[in-house]
Amino acid sequence: MNIVVIGVGYVGLVTGLSLVKLGNKITFLDTDLSKIQMLNQKKPTFDEPELLDYLTNDKTAKNATFCHSYDEIKWEDADIVLICVQTPIDENRDLDSTFIKKVFSSLNGKVANSTTVCIKSTIHPSALQKVLSEVNYDYKDLVFNPEFLREGSAFYDFFNTDRIIIGSENLEKSQIIASLYEELKSEIIFTDPISSQLIKYLSNAYLPLRLSFVNEASRLIDSLNANQSDVLKGVGLDSRIGEQYFRPSPGWGGSCFPKDVMEIQQIAKENNLKLPVMQSISNSNSEHLLWFSKKLVKIMNINNLQKIILIGAAFKENTDDTRYSPTFEIYNILKNEKENVEIYDENMTLDNKYDQIFSFEENALYVEMYPMGNKVKNQIAELNNIVHFRFWDS
Ligand SMILES: NC(=O)c1ccc[n+]([C@@H]2O[C@H](COP(=O)([O-])OP(=O)(O)OC[C@H]3O[C@@H](n4cnc5c(N)ncnc54)[C@H](O)[C@@H]3O)[C@@H](O)[C@H]2O)c1
């Protein structure tokens, strides 16, 4: 099929290149010219395992094109348009719909009725309906196909997804989206637009809820001087609870959880619903980031060290995405307390508002923000008078 993918971020680029592998022709469209230029030179625009292989293989060269203007696209030839632009929250914690609104005002009048327009971005249908009525775009034929990939294993996740969710009032167009995935073995749930997005939002509420729970558990374990790995293993071995996704951390962040949790709180508010558990997920994380920061200062002082070095700027391993990264949150908390803190990350150069180091020093507390490879571990092991701290068991 001929598919136009709008937005070449983590979701758009990975989905589109995976669909090339499944035999489709993809035109990628992004208003960010620098990204399109890099992709035309087969250069990855972000760190993601397998991305370089996908960009440089023969199938991609033959079946993928990268454009930066809506006028370059032959819209009449598109069977499917996949919308993958960002849907962040603004400073009032409301959805910032400017990106998706621009997409629909650019598409209006260009796309044939027979083309299936499908939204992979995370957006609540009632918010989208508001946007569409502002730009006079007809809502009823849209298909929602929320995305569940994890940065760091995004290509693996595309081909091994636990489920595929398709929400639409138009069954024919739902089937067209389903046909994209027919080679995959995952279960497909066909549903209405609101239910499809609620599956996405509730998944993105439950996962950080679990992370907040395990972090609260680890604070309790720490304060009672109990054995963290024994306790968490003992709890996780209950098959109703499970051991997966049960690792304590300095805090959770990323481009999706914080905003999706905030949005679910907004949706509850708009509907006069009290959802105290969901309301507390982010508060628990903020509390944990504070607790963790204080713990670091305590370890530094007990060991007579001069500074704290946070290793890893991304929000988790195997990505360079720093959106809502716990590293930055902890850095800011420590800086506000006038503590001596720096960030070590050899894979990226940070904004100069952060003190970044590129080589290791002695007399410091080294904090792994997420599991690092052996290279970093071995380098730290060679230093004198340091403490190497990680909050989970190896
Ligand atoms: N990143 C993830 O792990 C992930 C996982 C699941 C779902 N999602 C959801 O998918 C959506 C996209 O997330 P992302 O992380 O890939 O975003 P991103 O910020 O990485 O990429 C979005 C891209 O869209 C482009 N864009 C913005 N406005 C445009 C326009 N008018 N026309 C063409 N291109 C435009 C931007 O230049 C950017 O390259 C969001 O709704 C997000 O919540 C993200």
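Residues numbered from 1 in each chain as written. Predicted model: local features only at pLDDT ≥ 70, side-chain atom pairs only at ≥ 80, totals over all residues. Heavy atoms only, no water.

1. Regarding helix 5 (residues 98–107)
At step 1: All buried positions along helix 5 are accounted for by Ile100, Val103, Phe104 and Leu107. One side of helix 5 carries all its buried residues, which in axial view fall inside an arc of 90 degrees.
At step 2: Its buried side turned inward, helix 5 meets strand 1 (2–6), strand 4 (80–83), strand 5 (116–119) and helix 6 (125–134). (Buried < 20%, exposed > 50% of the residue type's maximum accessible area, 1.4 Å probe, protein only. Helix = DSSP H or I, 4+ residues; strand = E, 2+ residues; numbered from the N terminus. Arc of directions from axis to C-beta. Contact = heavy atoms within 4.5 Å.)

2. Observations concerning the pairing of strand 12 (residues 364–368)
Side-chain direction in a regular strand flips from residue to residue, so the side chains alternate between the two faces of the sheet.
At step 1: Within strand 12, five of the five residues are buried, which leaves the element mostly enclosed by the surrounding structure.
At step 2: Residues of strand 12 alternate between two faces, with Ala364, Tyr366 and Glu368 on one and Leu365 and Val367 on the opposite face, all of them buried.
At step 3: Pairing geometry for strand 9 (residues 307–311) and strand 12, over five bridges, is parallel. Within strand 12, the residue paired with Leu310 across the bridge is Val367.
At step 4: Judged from the three bridges that link them, strand 12 and strand 13 (residues 387–389) form a sheet pairing that is parallel. Bridging across to strand 13, Val367 finds its partner in Phe389.
At step 5: The parallel pair strand 12 and strand 13 is bridged by helix 15 (residues 374–381), and the resulting crossover is right-handed. (Pairing = 2+ DSSP bridges. Right-handed = clockwise from strand over helix to strand, strands pointing away.)

3. Remarks on the domain arrangement of the protein chain
At step 1: According to the domain assignment, the protein chain contains domain 1 (2–191) and domain 2 (202–389).
At step 2: Listed as interface residues are 19 residues of domain 1 and, on the opposing side, 17 residues of domain 2.
At step 3: Buried area between domain 1 and domain 2, both sides added, is near 1,500 Å², and the carbon and sulfur share of it is 47%.
At step 4: Looking at the side of domain 1 facing domain 2, the largest losses of area belong to Ile89, Arg93 and Glu151, adding up to 38% of the total buried there.
At step 5: Linking domain 1 to domain 2 there are zero salt bridges. (Domains from an automatic or database assignment. Buried area = accessible area lost by both parts, 1.4 Å probe. Salt bridge = Lys/Arg side-chain N within 4 Å of Asp/Glu carboxyl O.)

4. Here's the deal with the site of the ligand
At step 1: Within the structure, the ligand sits among 28 residues, and Asp30, Lys35, Thr87, Glu151 and Lys259 are positioned closest to it.
At step 2: A distance of 2.7 Å separates an oxygen atom of the ligand from a polar atom in the side chain of Lys35.
At step 3: A distance of 2.7 Å is found between an oxygen atom of the ligand and a side-chain nitrogen or oxygen belonging to Lys259.
At step 4: Alone, the ligand offers 840 Å² of accessible surface; in the complex the protein occludes 93% of this.
At step 5: Those elements giving two or more residues to the shell around the ligand turn out to be helix 1 (10–21) and helix 5.
At step 6: Here the shell around the ligand takes three residues from helix 5, the largest share from any one element. (Near = heavy atom within 4 Å. Polar contact = N/O pair within 3.5 Å; in protein donor to acceptor, adjacent residues only side chain to side chain. Areas by Shrake-Rupley, 256 points an atom, 1.4 Å probe, with all protein chains shown as cover.)

5. Brief notes about the packing of helix 9 (residues 193–223) against helix 13 (residues 281–302)
At step 1: Viewed as axis vectors pointing N to C, helix 9 and helix 13 meet at an angle of 40 degrees, and their least axial separation amounts to 9 Å. Of the two possible hands of crossing, helix 9 and helix 13 adopt the one that is left-handed. From helix 9, Ala205, Pro208, Leu209, Ser212, Asn215, Glu216, Ser218, Arg219 and Asp222 reach across to helix 13, where they touch Ile281, Ser284, Asn285, Glu287, His288, Trp291 and Lys295.
At step 2: Within the contact of helix 9 with helix 13, the residues separate by chemical class into five nonpolar, six polar and five charged. (Axes fitted to C-alpha atoms, helices over the stretch in contact; angles between N-to-C directions. Left-handed = near helix turned anticlockwise from the far one by under 90°. Nonpolar A, V, L, I, M, F, W, Y, C, P; charged D, E, K, R; others polar.)

6. Quick word on the packing of aromatic side chains
At step 1: Inspection of every chain in the model, using the stated rule, returns 18 aromatic pairs.
At step 2: Each ring, one from Phe213 and one from Phe246, has its centre 6.5 Å from the other, and the planes form 15 degrees; the classification is stacked. Here Phe213, found in helix 9, pairs with Phe246, found in the loop between helix 10 (228–236) and helix 11 (257–270); they are 33 residues apart in sequence, far enough to count as distant.
At step 3: Take Phe246: its relative accessible area is 8%, and that puts it in the buried class.
At step 4: Of the aromatic side chains, those joined through ring pairs into one cluster are Trp291, Phe292, Phe389 and Phe391.
At step 5: Taking the ring centre of Phe159 as reference, the NZ or CZ of Lys21 above it sits at 5.1 Å.
At step 6: Here the guanidinium or amino end of Arg247 rests over the ring plane of Trp392, the centre of that ring lying 5.2 Å away. (Phe/Tyr/Trp six-rings, centres within 6.5 Å; stacked < 30°, edge-to-face > 60°. Lys NZ or Arg CZ within 6 Å of the ring centre and 35° of its normal.)

7. With respect to the side chain of Asn204
At step 1: Residue placement: Asn204 occurs in helix 9.
At step 2: In contact with Asn204, other than residues within four places in its own chain, are Cys256, Phe257, Asp260 and Val261.

8. Focus: the sheet that holds strand 12
At step 1: Pairing is parallel in the open sheet, where five strands are placed in the order 11-10-9-12-13. Pairing within the sheet leaves two strands with one partner each, and these edge strands are strand 11 (356–357) and strand 13.

9. Details of the nonpolar core
At step 1: By size, the foremost hydrophobic cluster in this structure holds 39 residues, and its most contacted members are Leu296, Ile308, Leu310, Leu365 and Val367.
At step 2: For this core, the secondary-structure elements that each account for two or more residues are helix 13, strand 9, helix 14 (326–336), strand 10 (341–344), strand 12 and helix 15.
At step 3: No other element matches helix 13, which puts six residues into this core.
At step 4: Ignoring anything within four residues of it in the chain, the contact list for Leu365 reads Leu296, Ile299, Met300, Leu305, Lys307, Ile308, Ile309, Val387 and Phe389. (Core = buried A, V, L, I, M, F, W, Y, C linked by side-chain atoms within 4.5 Å.)

10. Topic: the environment of Asp192
At step 1: As for its placement among the helices and strands, Asp192 is situated in the loop between strand 8 (187–191) and helix 9.
At step 2: Other than its neighbours up to four places away in sequence, Asp192 contacts Gly167 and Ser168.
At step 3: Only 3.2 Å separates the side chain of Asp192 from the backbone nitrogen of Ile194, close enough to count as a polar contact.

11. Some details on the pattern of salt bridges
At step 1: Enumeration over the complete set of coordinates arrives at 14 salt bridges.
At step 2: Here Glu134 ties to Lys101 by a salt bridge, and the two come within 2.7 Å at their closest N and O atoms. On the criterion of sequence distance, the pair formed by Glu134 in helix 6 and Lys101 in helix 5 is long-range, its members being 33 residues apart.
At step 3: In this structure Lys101 comes out as partly exposed when scored by relative accessible area, which is 30%.
At step 4: As a salt-bridge pair, Lys120 and Glu147 come within 3.2 Å of each other at their nearest N and O atoms. Here the residue Lys120 occupies a position in the loop between strand 5 and helix 6, and Glu147 occupies one in the loop between strand 6 (143–144) and helix 7 (154–159), the gap between them amounting to 27 residues.

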